[in-house]
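Reading the structure
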Amino acid sequence: AALARRLPASSAPTPAITLYRDTNGWCPFCERVWLQLETKGLPYEEVLINLRDKPQWYKDMVPTTLVPAVKIRSGGTAEVVWESDVILRRLEELHPEPAMLPPDGERAAAEALIAEAGNLSSAGFRFAAAVRNASVTQEEVASLRAAFEDGLDALDAAIAEGGGPFLCGGSVGLADATYLPFLERWA
């Protein structure tokens, strides 16, 4: 407290975006939004939500009570957006530069990758859970592994087709922000 009184007052304005995320920093859906905010260089403040004891004000603000959520302030009003895919789209709409979606003529491939992300994520988690479950047969594990590897192979092919090094070419995009949190957990 004594040090705070001696420091000069901050002249930085309060960021117009508040990211509400998990306290443990391990939620892949929160990480998607964080990646977009960081990639775009948007100033934001972060409020950590204890997932085991969510504050009532958060449950009142976010109908699903899930993280992530963002509060976007503009012109004296505030908009609360939840669900990572909806948040990514809304932030892209409000802050189009740097663009994280390709131009309209090239957008179909990115949209297809984003749409497929849930399938690959599910395949990965089903395989990971099966490996740890003694009631799952080796044949079932092998089948789940093959499905997951097929999804990863398809993702590799998409990267090659897009010209890399990122999913849709030379710069980080929404498809990367969508996949990266899950790929990081499987590495």
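Every value quoted in this text rests on a predicted model; they were computed, and no experiment measured them.

Within the chain, the secondary structure is distributed over seven helices and four strands. Across the chain, helices and strands are ordered from the amino to the carboxyl terminus as α-β-α-β-α-β-β-α-α-α-α. The C-alpha extent of the chain, read off along each of the three principal axes, is 65 × 45 × 35 Å. Within the chain, the proportion of its 187 residues that are buried is 34%. Taking contacts inside the chain between residues at least 6 apart in sequence as the whole, the part at least 24 apart equals 60%. As displayed, the chain offers around 11,100 Å² of accessible surface, 56% of which is attributable to carbon and sulfur atoms.

Take the pairing of strand β3 (residues 69–74) next. For strand β1 (residues 17–22) and β3, the ladder comprises four bridges, and the chain directions are antiparallel. Across the sheet, the residue bridging to T18 is K71, located in β3. Adjacent in sequence and paired antiparallel, β3 and strand β4 (residues 77–82) are bridged by two residues, among which G75 carries a positive phi angle near 55°.

Parts of the model with low pLDDT should not have their predicted coordinates read in detail. When the pLDDT values of the chain are averaged, the result is 91; 94% of them are 70 or greater. Highest mean pLDDT in the chain belongs to helix α3 (residues 56–61) (98); lowest belongs to helix α1 (residues 2–6) (68).

A few words on the packing of helix α2 (residues 28–40) against helix α7 (residues 174–186). Two elements in contact, α2 and α7, have axes whose closest approach is 9 Å; the angle formed by their N-to-C orientations is 135°. Here α2 lies oblique to α7, going by the angle between them. Classified by chirality, the crossing of α7 by α2 is right-handed. Of α7, the residues touching α2 (which contributes P28, F29, E31, R32, L35 and Q36) are L174, A177, T178, L180, P181, F182, E184 and R185. Grouping the constituent residues of the contact of α2 with α7 by class yields eight nonpolar, two polar and four charged.

This brings us to the pairing of strand β2 (residues 45–49). For a regular strand, the rule is simple: side chains alternate between the two faces of the sheet. Alignment of β1 against β2, held across five bridges, turns out to be parallel. Its bridge partner being in β2, R21 is matched across the sheet by L48. Where the polypeptide runs from β1 across α2 and back to β2, its parallel neighbour, the crossover connection is right-handed.

What follows deals with the pattern of salt bridges. Inspection of the entire model under this criterion finds 11 salt bridges. In this structure, R107 engages D104 in a salt bridge whose closest nitrogen and oxygen atoms are separated by 3.6 Å. Owing to a relative accessible area of 26%, R107 belongs among the partly exposed residues under this scheme. Members of the salt-bridge network, linked through shared partners, are R21, D22 and E46.

It is worth spelling out α2 at this point. In a regular helix each residue adds 1.5 Å, so 13 residues correspond to 18 Å; α2 covers 18 Å between its end C-alpha atoms and thus fits that length. Tucked into the core, α2 has its buried residues touching β1, β3, α4 (84–94) and α7. Of the residues one or two after α2, G41 is the one with positive phi, at around 70°.

A word on the nonpolar core. Soluble globular proteins tend to bury their nonpolar side chains together. If you look at the biggest cluster of nonpolar residues, it comprises 31 residues, and the most contacted ones within it are V33, L37, V70, L91 and Y179. Of all the secondary structure elements, the ones that give two or more residues to this core are β1, α2, β3, α4, α5 (107–131), α6 (138–162) and α7. The element best represented in this core is α5, accounting for eight residues. When near neighbours in sequence (up to four residues on either side) are disregarded, Y179 contacts L113, E116, A117, L120, L155 and L167.

About the criteria used
- Residues numbered from 1 in each chain as written.
- Predicted model: local features only at pLDDT ≥ 70, side-chain atom pairs only at ≥ 80, totals over all residues.
- Heavy atoms only, no water.
- Helix = DSSP H or I, 4+ residues; strand = E, 2+ residues; numbered from the N terminus.
- Buried < 20%, exposed > 50% of the residue type's maximum accessible area, 1.4 Å probe, protein only.
- Contact = heavy atoms within 4.5 Å.
- Areas by Shrake-Rupley, 256 points an atom, 1.4 Å probe, with all protein chains shown as cover.
- Pairing = 2+ DSSP bridges.
- pLDDT = per-residue confidence, 0-100.
- Axes fitted to C-alpha atoms, helices over the stretch in contact; angles between N-to-C directions.
- Parallel < 35°, antiparallel > 145°, perpendicular 65-115°, else oblique.
- Left-handed = near helix turned anticlockwise from the far one by under 90°.
- Nonpolar A, V, L, I, M, F, W, Y, C, P; charged D, E, K, R; others polar.
- Right-handed = clockwise from strand over helix to strand, strands pointing away.
- Salt bridge = Lys/Arg side-chain N within 4 Å of Asp/Glu carboxyl O.
- Expected span 1.5 Å × (residues − 1).
- Core = buried A, V, L, I, M, F, W, Y, C linked by side-chain atoms within 4.5 Å.

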